[in-house]
Amino acid sequence: MAEHYKLNRVREMADNDEDFVMALAAAFIEEVPEDAERLRKAVPESDYYETYQAAHKMKPTIELFELGVYDELIEVQDWGKFEQADKNIDAQLQMVLTAVENATNEIKADFGL
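Remember, predicted model here, so these are calculated numbers, not experimental data. (Residues numbered from 1 in each chain as written. Predicted model: local features only at pLDDT ≥ 70, side-chain atom pairs only at ≥ 80, totals over all residues. Heavy atoms only, no water.)

**Considering helix α3 (residues 48-64)**
Taking 1.5 Å per residue as the helical rise, α3 with its 17 residues ought to reach 24 Å, and the 25 Å between its terminal C-alpha atoms agrees with that figure. E66, located one to two residues past α3, shows a positive phi value of around 50°. (Helix = DSSP H or I, 4+ residues; strand = E, 2+ residues; numbered from the N terminus. Expected span 1.5 Å × (residues − 1).)

**Here's the deal with the nonpolar core**
Within the largest apolar cluster, 34 residues are counted, with the highest numbers of intra-cluster contacts made by M58, F65 and L67. Counting only elements with at least two residues in this core, the list comes to α1 (8-14), α2 (18-42), α3, α4 (70-81) and α5 (90-111). Those residues in contact with M58 that lie beyond four places of it in its chain are V32, D35, A36, L39, L73, V96 and V100. (Core = buried A, V, L, I, M, F, W, Y, C linked by side-chain atoms within 4.5 Å. Buried < 20%, exposed > 50% of the residue type's maximum accessible area, 1.4 Å probe, protein only. Contact = heavy atoms within 4.5 Å.)

**Describing the pattern of salt bridges**
Under the defined criterion, the tally for this structure stands at 7 salt bridges. A salt bridge links D35 to R38, with the shortest nitrogen-to-oxygen separation between them at 3.0 Å. You can see D35 and its partner R38 sitting in helix α2, 3 residues apart, about one turn around the helix. On the accessibility criterion, R38 (24% relative accessible area) is partly exposed. With its nearest N and O atoms 2.5 Å apart, the salt bridge here joins E50 to R38. In this pair, E50 is assigned in helix α3 and R38 in helix α2, connecting sequence segments 12 residues apart. (Salt bridge = Lys/Arg side-chain N within 4 Å of Asp/Glu carboxyl O.)

This is the structure in structure tokens:
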């Protein structure tokens, strides 16, 4: 359990209310993979605005569940925000996408979602 994510901040935020922890886990499953898919499509298309929007939306949840790729997500976000056409962020994007996929699968299994 919780190999690809951590619940320390989630439990702290939820004040150890397990129903709230479950609600946050469900919100993660509902929103983060969808935003990750937006990134998966937007980056190769050099859709800077969509990249920025998706990455920015993901930041609080990625940090809350401590996926370990917050800095990489910021790099992806900044690539979109500042339209850094000369910068290659494929490695950072792949790290974020892999972390989201691993955490999503694990949260689904751990919470029965």
